[in-house]
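# Chain and residue survey
Listed here are the chains, written in short residue letters.
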Amino acid sequence: IAMNKMKDLSLGETMIRTGLREVDGVPVTEPIASIWDQVWKFKAKPDDVLIATYAKAGTTWTQEIVDMIQQNGDTEKCKRETTYKRHPFLEWFLAEPPSARYSGVELAEAMPSPRTIKTHLPAQLLPPSFWEQNCKIIYVARNAKDNLVSYYHFHRMNKGLPDPGTWEEFVEKFMTGKVLWGSWYDHVKGWWKAKDKHRILYLFYEDMKENPKREIQKIAKFLEKDLSDEVLNKIVHSTSFEVMKENPMANYTKDFEGIMDHSISPFMRKGTVADWKNHFTVAQNEKFDEDYKKKMSDTSLVFRMEL
Ligand SMILES: Nc1ncnc2c1ncn2[C@@H]1O[C@H](COP(=O)(O)O)[C@@H](OP(=O)(O)O)[C@H]1O
Ligand SMILES: O=[N+]([O-])c1ccc(OS(=O)(=O)O)cc1
């Protein structure tokens, strides 16, 4: 596979970008496709908590909130490790470099319970053991346009992902679902449906921005944690965009060195709602809206594109 052709581990520029391969019609990276059997057979435990999102919907933010709740607002405990190491990323696998050699499955298996696990898999590709064990699942969704903008910049700075091409090309790929983890539309709708049958707390990035305290309380209640107002306020503060951007244990500057280039676009980029207005042309926006209406006509899901 392409990733194995990387020559010099210290020089990011020499890293060859991965291509995509489909698993049951959903594009994933070549390394992920190569270990798919392992992912599918993953054995979840009843006390696992799963944070599921389409990539760039607010995963890292939610991970920090969940960890802060679990640690009763102890910021020092939350700095015990980076986001990536605190919460195994279920399906993730990079064949190289050695710093990221372990697959998410291996990291999860090595971790003592209770575990909090992260995934970007669409509901139909979630390993069946999560449903069988009735694990608590927190799903976070973000409006399509902001999610797309964030994903585009993330592809530019992250050499572990395919080359995004131009902005125009990436918009087209996003609309047709020809991107890593597949169609955003199918992802948010699939998890929305799954919520009727399973223990899923379905949240929205826009609600979290509008009133973080309210949404953090929802998560705490779902996790059956009673928090004092003082602890809650502390969590609101330490999980704000401004504080997380400066937190090396939460801003991805300590992992994926040589893979992520924050000088191209920082992981903690803007953290706002409606940045899409700075990216879409009027024509692009019209085309996107028309297509969006069709793709979202068969769901009761409603997103806010601005606050
Ligand atoms: N505490 C926080 N508050 C608001 N947005 C946050 C945040 N932490 C991260 N983000 C934003 O969430 C997106 C990353 O999502 P993920 O963690 O799923 O990869 C980025 O969006 P932008 O690129 O729009 O800035 C990032 O800036
Ligand atoms: O390629 N990575 O290193 C990588 C990919 C996705 C990712 O998850 S996300 O939530 O930031 O999209 C984190 C790291």
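Look up a bit, the structure's there.
So, here is what we can say about the structure in this document. If you're wondering where the values come from, they're calculated on a predicted model, not measured in any experiment. (Residues numbered from 1 in each chain as written. Chains lettered and ligands numbered in written order. Predicted model: local features only at pLDDT ≥ 70, side-chain atom pairs only at ≥ 80, totals over all residues. Heavy atoms only, no water.)

## A word on the packing of aromatic side chains
Tallied over the entire structure, the rule returns 31 aromatic pairs. Ring geometry for W167 and F280: centres 5.4 Å apart, planes at 85 degrees, overall edge-to-face. Of this pair, W167 sits in helix α9 (residues 167–175) while F280 sits in the loop between α14 (241–245) and α15 (282–295), placing them 113 residues apart in sequence. A single burial state applies to W167 and to F280, both of which are buried. On the numbers, 5.1 Å between centres and 55 degrees between planes, the contact of W184 with F303 is tilted. Within this pair, whereas W184 is found in helix α10 (residues 184–194), its partner F303 is found in the segment after α15, the two being separated by 119 residues in sequence. Given the relative accessible area of 10%, F303 is considered buried. The lysine or arginine in question, K118, covers the ring of F89, its NZ or CZ lying 4.0 Å from the ring centre. (Phe/Tyr/Trp six-rings, centres within 6.5 Å; stacked < 30°, edge-to-face > 60°. Helix = DSSP H or I, 4+ residues; strand = E, 2+ residues; numbered from the N terminus. Buried < 20%, exposed > 50% of the residue type's maximum accessible area, 1.4 Å probe, protein only. Lys NZ or Arg CZ within 6 Å of the ring centre and 35° of its normal.)

## Details of the site of ligand 1
Around ligand 1 sit 18 residues, and of these T59, T60, S150, Y205 and K270 come closest. Interatomic distance of 2.7 Å between a side-chain N/O atom of Y205 and a nitrogen atom of ligand 1. Summarising the interface, the protein chains cover 98% of the accessible area of ligand 1, which totals 570 Å² for the free molecule. Every element with two or more residues in the shell around ligand 1 is listed here: α3 (59–70) and α14. Tallying contributions element by element places α3 first for the shell around ligand 1, with three residues. When its residues are assigned to classes, the shell around ligand 1 shows seven nonpolar, seven polar and four charged. (Near = heavy atom within 4 Å. Polar contact = N/O pair within 3.5 Å; in protein donor to acceptor, adjacent residues only side chain to side chain. Areas by Shrake-Rupley, 256 points an atom, 1.4 Å probe, with all protein chains shown as cover. Nonpolar A, V, L, I, M, F, W, Y, C, P; charged D, E, K, R; others polar.)

## Topic: the pairing of strand β5 (residues 136–141)
Across the six residues that make up β5, a large majority, six, are buried. Because side chains alternate across β5, one face comprises the buried residues K136, I138 and V140, and the other comprises I137, Y139 and A141, equally buried. Two strands pair when backbone bridges link them, and β5 and strand β6 (residues 200–204) are joined in this way by five bridges, in the parallel orientation. Looking at the pairing, I137 lines up with I200 of β6. (Pairing = 2+ DSSP bridges.)

## Description of α15
With 14 residues, α15 extends 20 Å from end C-alpha to end C-alpha; this agrees with the ideal 20 Å at 1.5 Å per step. Buried residues of α15: Q284, N285, F288, D291 and Y292, and no others. End-on, the buried residues of α15 take up no more than an arc of 135 degrees, which puts them together on one face. Exposed residues on α15 whose side chains face more than 90 degrees from its buried face are V282, A283, E286, E290, K293 and K294. (Expected span 1.5 Å × (residues − 1). Arc of directions from axis to C-beta.)

## With respect to unusual backbone geometry
Of note, the bond from S113 into P114 is cis; its omega dihedral lies within 30 degrees of zero at 0 degrees. Tracing the backbone shows P114 in the loop between α6 (104–110) and β4 (116–119). The phi dihedral of N134 is positive, around 55 degrees, even though this residue is not glycine. Tracing the backbone through its elements, the reader meets N134 in the loop between α7 (129–132) and β5. Even without being glycine, A274 reaches a positive phi, approximately 85 degrees. Locating A274 in the fold gives a position in the loop between α14 and α15. A residue is classified by how much of its surface remains accessible, and A274, at 16% relative accessible area, is buried.

## Brief notes about α9
Listed as buried for α9 are W167, F170, V171, F174 and M175. Along the axis of α9, the buried positions cluster into a sector of 135 degrees, meaning they face one direction only.

## As for the packing of α9 against α15
Closest axis-to-axis distance for the α9/α15 pair is 11 Å, and the angle between their directions is 10 degrees. Accordingly, the angle class assigned to the pair α9 and α15 is roughly parallel. Here W167, E168, V171, E172, F174 and M175 of α9 lie close against α15, whose contacting residues are Q284, K287, F288, D291 and K295. Class assignment of the residues belonging to the contact of α9 with α15 gives a composition of five nonpolar, one polar and five charged. (Axes fitted to C-alpha atoms, helices over the stretch in contact; angles between N-to-C directions. Parallel < 35°, antiparallel > 145°, perpendicular 65-115°, else oblique. Contact = heavy atoms within 4.5 Å.)

Keep in mind that these numbers describe shape and distance, not what the molecule does.
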